[in-house]
Each structure stands twice: as C-alpha cells, then as structure tokens.
Amino acid sequence: MKKQLVVQGRLSDAQLAELSGLFEVEVLPKTTALNDPANHALLANVHGIIGSGLAITPQLLDAAPKLKVIATISVGYDNIPVDELTKRGIMLCNTPDVLTETTADTGFTLIMADKWQASIGPALFGSDVHGKTLGMVGFGRIGQAVARRGALGFGMKVIYSNASPKPELESELGAQRRELNELLAEADFVCVTVPLTAETERLVGAQEFALMKPSGIFINIARGKVVDESALIDALENGVIQAAGLDVFEQEPLRATSPLTKMPNVVALPHIGSATHETRDAMAQRAVNNIRLALQGERPISLVNEEACR
Ligand code: 8YV
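Residues numbered from 1 in each chain as written. Predicted model: local features only at pLDDT ≥ 70, side-chain atom pairs only at ≥ 80, totals over all residues. Heavy atoms only, no water.

1. Looking at the site of the ligand
Close to the ligand lie Ser52, Ile73, Ser74, Val75, Gly76, Leu99, Arg223, His271, Ser274, Arg280 and Met283. A distance of 2.8 Å separates an oxygen atom of the ligand from a polar atom in the backbone of Gly76. For the ligand, the accessible surface in isolation is 320 Å², of which the surrounding protein chains cover 83%. (Near = heavy atom within 4 Å. Polar contact = N/O pair within 3.5 Å; in protein donor to acceptor, adjacent residues only side chain to side chain. Areas by Shrake-Rupley, 256 points an atom, 1.4 Å probe, with all protein chains shown as cover.)

Here it is, written out as structure tokens:
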C-alpha cells in the first residue's frame, strides 16, 4: 500500500511525477484550507504534506494520526507549530541554502533602490552605498550573503548583531559584532534577516527606529512581524529615518490602502525574495527530496526538528 501525500504548493510536472511514482498523491489548490474540518477525512490517512504557506494547526495534526513529515517549500517556518509536530513525532523539513543567494540579491536590490520619476533634483537624490556602514540584524546564511555583497562589492563596512559571534565572517569581511542598539545608531543601512520567532517578534519598534540616524535606511527581507509596522510608518512619515526597502509585511498581501504603498521614501516588493525560476524550482526539489527521504525511512536533507526522530 503506497503512502499518501498531500501537495499544496507549486511543483513542476516532473516533481509531481517523481512523487506520484512513489506515493498516492492528492494535489490541493493553494486556496484549500487544509485545517477545514471538511478535509479531515482526507487527512486521516495522510503520511506527508508538502507545500508553501501551509496553515498547520494542532487541530489539523489531531486529524492526521498517520502524518510523519511536513516538507515546507520555504526556509521560514514561523507558520508551523514545530513543538506540536515534535510532540507527535512528525518531522518538519524546510529549504535552506538553495534560496540564499537569490534572497540576498533581492535584499541588495532594496539597499540600492531609488525612484526615478522625473528629471531629478535634490528631492530625488539617492544615498551613496559605497563606503557606508551596513548593519546586519541577523547574520545567518542570508545575512552573510547580503554582507558579502556590501563588503566585497561596494566597499561597505559591515557590522552585525546576532545571537552568536561569527568569527569567520569577521576575518573574511572585517565584519564587527555589535549589540542591536549600537548597530542601529551606527549603521547607514539597517538590513533585517532574522527568522521570526517569539524572541524576534516586533524586535524593531519605535524605540529602535529612534536610535537610527535620520539619514538611515531600513531594509526588511525577513518577516513583516519582526517589525512594529505602525511604528515604521510613523518613523518614515516623521523623518525619524530616511527611507525603507521592504519585501515583507505584517499582513500579506500588503493592503493597497497601506500608507507604505504611497510613501515616496518606501520601495515595497510583494515578498519576492526568493522568486526566481531557478530558485523556486530548487526549493521545490529540495522539499520533494526531503519528503521522499523521510517517507522512505531515511534522514531528510534539511530537517528542522531532529527531536522528532528520537
Ligand atoms: C518564499 C520565504 O517566498 O522561504 C521563505 O521563508 O519567505 C520565501 O522564500 C515564501 O516562503 C513562499 O514560498
């Protein structure tokens, strides 16, 4: 009897064929509310779920007693209750590494972004990037890739705040570790790349923006909820900071009525950090490999919760 899979994300025909050759596959539209009780009959026999933006709840997990693995097509998994999965011995797999360079490219695009709408005068002049100080809030894979672009490509001084020191980056890039408040006061560009966790939710709010330089430019390619968005709007409207480049928002899609869509000192992107053909295909393939290995009793490539296997 083949194990049963639910797919709720963008897989290529080849990736679907790969899974269909091994498992009973049910493909659900992105709009299907997996945790809707109407889907509990389907979930009762499911061994694996693969997709992006999955809405996983304890109630859904209770309705899926045979579930062994969830493979998210994303590096972030703040939408998934990891402890609930681990308690039930359900593996969570994600897609790190394959999206790092593309997401860092997007982050640097925002650092460089400016708006050209007419023959420009001082009101539309941009800010130099070369030689300025880039403050990385979070110094994991994506943060380090952004920092390399700044230091090696644009001669920027890199400072960083991170839970742990990164001596290898300090020697490679001359990066210097700072406490968050020190970084905010010193950086010309503040770029947030931390994962969204209980500790980082609303990490940057009114007090933090007030520490930044009035010429400071704020970049968020992490998660919208790492920032107090109304405090950001106030800081932008009142000249506390100069400008912002944003790829993520507290609520997504960003409401068309949000002030962030109208401000001349904001560049807003629709959460496209990793959105290239190559990278999204690589993310999907990583998730396919993760769920295949997990259901074949092998260790997945990118396992978030090792404890689930104990
Ligand atoms: C994706 C991301 O856009 O991987 C993540 O955590 O935020 C982005 O790469 C998003 O997750 C949808 O796939």
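2. Details of the pattern of salt bridges
The tally for this structure, following the rule as stated, stands at 15 salt bridges. Asp62 is paired through a salt bridge with Arg88; the nearest N and O atoms lie 2.5 Å apart. Here the residue Asp62 occupies a position in helix α3 (residues 58-62), and Arg88 occupies one in the loop between α4 (82-87) and β5 (91-93), the gap between them amounting to 26 residues. According to the relative accessible area criterion, Asp62 is exposed, its value standing at 54%. On the basis of relative accessible area, Arg88 is assigned to the partly exposed category, the value being 29%. One salt bridge in this structure joins Arg149 and Asp105, with 2.8 Å as the shortest N-O distance. Placement of the pair is Arg149 in helix α6 (residues 141-154) and Asp105 in helix α5 (residues 100-112), with a sequence separation of 44 residues. (Salt bridge = Lys/Arg side-chain N within 4 Å of Asp/Glu carboxyl O. Helix = DSSP H or I, 4+ residues; strand = E, 2+ residues; numbered from the N terminus. Buried < 20%, exposed > 50% of the residue type's maximum accessible area, 1.4 Å probe, protein only.)

3. Some words on the pairing of strand β11 (residues 243-246)
Here β11 shows no split at all, with Ala243 and Gly245 on one side and Ala244 and Leu246 on the other all buried. Direction of pairing for strand β10 (residues 217-220) relative to β11: parallel, over a ladder of four bridges. Directly across from Asn220, in β11, lies its bridge partner Leu246. With helix α10 (residues 229-237) bridging β10 and the parallel β11, this β-α-β connection has right-handed handedness. (Pairing = 2+ DSSP bridges. Right-handed = clockwise from strand over helix to strand, strands pointing away.)

4. Observations regarding the pairing of strand β7 (residues 157-161)
For β7, the buried fraction is high: four of the five residues fall into the buried class. Across five bridges, the pairing between strand β6 (residues 133-137) and β7 is parallel. Within β7, the residue paired with Met136 across the bridge is Tyr160. Tracing the backbone out of β6, into α6 and back to the parallel element β7 gives a crossover that is right-handed. In this sheet, strand β8 (residues 176-177) lies alongside β7 in parallel orientation, the contact comprising two bridges. Looking across to β8, one finds that Ile159 is bridged to Gln176.

5. Some points on the nonpolar core
Among the nonpolar cores identified, the biggest contains 47 residues, and Leu19, Ile50, Leu134, Met136 and Val146 are the most heavily contacted of them. In terms of residues, this core owes the most to one element, helix α11 (residues 277-295), which gives seven residues. Other than its neighbours up to four places away in sequence, Leu19 contacts Leu5, Val7, Leu11, Val25, Ile50, Val288 and Ile291. Core analysis: the next-biggest nonpolar cluster, separate from the first, contains 29 residues, Phe209, Met212, Ala231 and Leu236 among them. (Core = buried A, V, L, I, M, F, W, Y, C linked by side-chain atoms within 4.5 Å. Contact = heavy atoms within 4.5 Å.)

6. A closer look at empty space enclosed by the protein
Rolled over the atoms, a probe sized like a water molecule indicates the empty space that remains. A complete count under the given rule lists one cavity of 30 Å³ or more for this structure. If you add up the space inside the largest cavity, you get close to 50 Å³. Across the lining of the largest cavity, the residue classes tally to six nonpolar, two polar and one charged. (1 Å grid on protein atoms, 1.4 Å probe; cavity = no way out; pocket = protein on both sides within 12 Å on 5 of 7 lines; lining within 4 Å. Points joined across faces, edges and corners; volume = space filled by probe spheres on them. Nonpolar A, V, L, I, M, F, W, Y, C, P; charged D, E, K, R; others polar.)

7. Some points on the sheet that holds strand β1 (residues 4-8)
Sheet strands line up and pair through hydrogen bonds in the backbone, either parallel or antiparallel. With parallel pairing, five strands are arranged side by side in an open sheet as β2-β1-β3-β4-β5. Every other strand in the sheet has two partners, leaving β2 (24-27) and β5 as the edge strands with one partner each. Adjacent strand axes in the sheet meet at a mean angle of 15°, parallel and antiparallel pairs treated alike. Contacts between helix α1 (residues 13-20) and the sheet are confined to β1, β2 and β3 (48-51), with β2 contributing the most and set at about 140° to the helix. Packing against the sheet, α11 makes contact with β1, β3, β4 (69-72) and β5, and its axis sits at approximately 170° to β4. (Axes fitted to C-alpha atoms, helices over the stretch in contact; angles between N-to-C directions.)

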